[in-house]
Amino acid sequence: MPIKNRFAELLPDITAWRRDLHENPEILFETHRTAGIVAEKLSAFGCEEVVTGIGRTGVVGVIKGKTDTAGKVIGLRADMDALPIHEETGLPYASKTDGAMHACGHDGHTAMLLGAAQYLAETRNFDGTVVVIFQPAEEGGGGGREMCEDGMMDRFGIQEVYGMHNWPGRPLGSFAIRPGPFFAATDQFDITIEGQGGHAAKPQETIDPVVVSAQVVMALQTIVSRNADPVEQAVVSVTSVESSSKAFNVIAQSVQLKGTIRTLTPEVRALAEDRLHRIVNATCEAYGATAKITYYKGYPPMVNHAAQTEFAAKVAIDVAGACDEAPLIMGGEDFAYMLEERPGAYILVGNGDTAAVHNAAYNFSDEAIPAGCSWWAEIVEQRMPAA
Ligand SMILES: [Zn+2]
Ligand SMILES: [Zn+2]
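In this text the structure is predicted, and so the values were computed from the model without any measurement.

The rules we used
Residues numbered from 1 in each chain as written. Chains lettered and ligands numbered in written order. Predicted model: local features only at pLDDT ≥ 70, side-chain atom pairs only at ≥ 80, totals over all residues. Heavy atoms only, no water. Helix = DSSP H or I, 4+ residues; strand = E, 2+ residues; numbered from the N terminus. Buried < 20%, exposed > 50% of the residue type's maximum accessible area, 1.4 Å probe, protein only. Contact = heavy atoms within 4.5 Å. Areas by Shrake-Rupley, 256 points an atom, 1.4 Å probe, with all protein chains shown as cover. Lys, Arg positive; Asp, Glu negative; His and termini not counted. Charge placed at Lys NZ, Arg CZ, Asp CG, Glu CD. Axes fitted to C-alpha atoms, helices over the stretch in contact; angles between N-to-C directions. Parallel < 35°, antiparallel > 145°, perpendicular 65-115°, else oblique. Left-handed = near helix turned anticlockwise from the far one by under 90°. Nonpolar A, V, L, I, M, F, W, Y, C, P; charged D, E, K, R; others polar. Donors = N, O, S within 2.8 Å, 3.2 Å for Na, K, Ca; no water. Tetrahedral: all angles 85-135°; square planar, octahedral: opposite > 155°, others 65-115°. Salt bridge = Lys/Arg side-chain N within 4 Å of Asp/Glu carboxyl O. 1 Å grid on protein atoms, 1.4 Å probe; cavity = no way out; pocket = protein on both sides within 12 Å on 5 of 7 lines; lining within 4 Å. Points joined across faces, edges and corners; volume = space filled by probe spheres on them. Pairing = 2+ DSSP bridges.

Glancing now at the overall build of the chain. Broken down by element type, the chain carries 11 helices and 16 strands. A buried classification covers 55% of the 387 residues belonging to the chain. Sequence-distant contacts in the chain: of pairs separated by 6 or more residues, those separated by 24 or more amount to 82%. Summed over its atoms, the accessible surface of the chain is roughly 15,600 Å², and 51% of this surface lies on carbon and sulfur atoms. When the 30 basic and 50 acidic side-chain charges of the chain are each reduced to a single mean position, those positions are 1 Å apart.

Spelled out as structure tokens, the structure:
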């Protein structure tokens, strides 16, 4: 059961939708135009219900199968938001908005799920209900979390939920997935080390926060090398070191450190947060400095459920002939919140040999659309076979 023929027929339409979204990117929760187009199309396809304003600018559509003997309900989720990047693709349909760009392919995700919704509303060849979910603010805003907090899962009776992301560097239209932890928790920290500024030639009269911050930066590396179990994964990256002094001859009063911690389990996540506080506070104390630590909890780890992952991989094999084991990814994914509320799985679809996501030269590959749409449709038709 390879690519569905209907998606080859719909490809010009879906491609046109995708390019229109690409030309008109919207960031975080500002996906007003995009959500409007999604809602309009879902209504035109004949969805039984189209609800806007879930998770601020999220949209949900409901499609009922020919029959509903078992009361099954499956959620299919796409993200709609773009990134604050200035596009440098030179494409004829490049972003018309300065400083905004669909550099993660969410234009493609939205278009593919719309294509699948059109097909499912036309054919309704399943026994149950499909809930198509279009979320804003995947890129750091927690739009998926807000849709969950708005009670989406209960309101629509969603029992299982599936997600998909394009992946540059994977062969076009090929699939990869893994059970268990897949994407990382994305926590951030902001540390201000307060010393005692003074003349650079009289260090004995100062508490030099630059020296303390250097010790802190090095000591933080031991969270991964000495504290976390070596068979687990963790990343600690200090990404910004800013001294309050810009002069050659002034010892700073304070230094600000910023960075991120990526982990795949709640245990390692908690360990890393705890160790960060201890290391920073104890190091500062040793040198007579003080620290103010602000720790921001980001997305939780995204964990694929075993049974749904196995099923999603089988469907991918049916569509593309194979499904690879995906690597662990230390980036974050807002779909994590939906997988915390319901069993489900998230799969990667190959974008071919393109620039990486979040790069100004990136573009979603329209050639991946038939594979992506077919996977969505098959998830529904195989999980809820027509009675
Ligand atoms: Zn992204
Ligand atoms: Zn993305």
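This part covers the packing of helix α6 (residues 209–220) against helix α8 (residues 266–287). Between α6 and α8, whose axes approach to 10 Å, the crossing angle comes to 150 degrees. Taken together, the axes of α6 and α8 are roughly antiparallel relative to one another. Our pair here, α6 against α8, has a crossing hand that is right-handed. Two secondary-structure elements touch here, α6 through Val-212, Gln-215, Val-216, Ala-219 and Leu-220 and α8 through Leu-276, Ile-279, Val-280, Thr-283, Cys-284 and Tyr-287. Within the contact of α6 with α8, the residues separate by chemical class into nine nonpolar, two polar and no charged.

Coordination of the zinc ion (ligand 1) by the protein involves Cys-104 (SG), Glu-139 (OE), Glu-139 (OE) and His-358 (NE2), with metal-donor separations of 2.0 to 2.7 Å. Relative to the metal, the four donor atoms surrounding the zinc ion (ligand 1) lie at angles of 52 to 149 degrees, and the coordination shape comes out irregular. Counting residues between consecutive donors of the zinc ion (ligand 1) along the chain gives the motif C-x34-E-x218-H. Between the two metal centres, the zinc ion (ligand 1) and the zinc ion (ligand 2), the spacing is 3.1 Å, with Cys-104 acting as a shared donor. Separated by 35 residues along the polypeptide, Cys-104 in the loop between β3 (73–79) and α3 (106–123) and Glu-139 in the loop between β4 (129–135) and α4 (143–149) bring together distant segments of the chain.

Looking now at the pattern of salt bridges. In total, this model carries 22 salt bridges according to the counting rule given. Where Arg-6 meets Glu-9, a salt bridge forms, and the shortest distance between an N and an O atom there is 2.9 Å. Within this pair, Arg-6 and its partner Glu-9 are both found in helix α1 (residues 5–23), separated by three residues, close to a single helical turn. A salt bridge links Glu-149 to Arg-145; its shortest N-O distance comes to 3.6 Å. Linking Glu-149 with Arg-145, this pair stays in helix α4, spanning four residues, or about one helical turn. On the basis of relative accessible area, Glu-149 is assigned to the exposed category, the value being 59%.

In this fold, Arg-124 is placed in the loop between α3 and β4. Along the chain, Arg-124 and Phe-7 lie 117 residues apart, while their C-alpha atoms are 15 Å from each other. Excluding its chain neighbours within four sequence positions, the residues that come into contact with Arg-124 are Gly-46, Glu-48, Ile-63, Lys-64, Gly-65, Lys-66 and Tyr-119.

Roughly 520 Å³ of internal volume is contained in the largest pocket. The wall of the largest pocket is formed by 26 residues, among which Glu-139, Gly-140, Thr-186, Tyr-299 and Gly-332 lie closest to the centre. Every element with two or more residues in the lining of the largest pocket is listed here: β5 (160–167), β8 (185–194) and β12 (254–263). At three residues, β8 tops the list of elements feeding residues into the lining of the largest pocket.

A sheet is described by the order of its strands in space; here four strands give the open sequence β10-β12-β8-β13, paired in antiparallel fashion. One side of each edge strand has no neighbouring strand; the edge strands of this open sheet are β10 (234–243) and β13 (290–296). On average, adjacent strands in this sheet sit at an angle of 20 degrees to one another, irrespective of strand direction. Judged from the nine bridges that link them, β10 and β12 form a sheet pairing that is antiparallel.

Further remarks concern unusual backbone geometry. Positive phi, normally seen in glycine, also occurs at Leu-28, with a value near 50 degrees. With respect to the helices, strands and loops of the structure, Leu-28 is situated in the loop between α1 and α2 (32–45).

Here the focus is the side chain of Ser-213. Relative to the helices and strands, Ser-213 is located in helix α6. Ignoring sequence-local partners within four residues, the contact set of Ser-213 consists of Ile-193, Val-241, Val-255 and Leu-257.

To continue, consider the environment of Leu-257. The topology assignment puts Leu-257 in strand β12. Those residues in contact with Leu-257 that lie beyond four places of it in its chain are Phe-189, Asp-190, Ile-191, Ile-193, Ser-213, Val-216, Val-217, Val-238, Ser-240 and Val-241.

Before going further, it helps to spend a moment on the coordination of the zinc ion (ligand 2). Donor atoms from the polypeptide that coordinate the zinc ion (ligand 2) comprise Cys-104 (SG), His-106 (NE2) and His-165 (NE2), at 2.1 to 2.3 Å from the metal. Spacing between the donor residues of the zinc ion (ligand 2) along the chain follows C-x1-H-x58-H. Its relative accessible area of 3% is what places His-165 among the buried residues.

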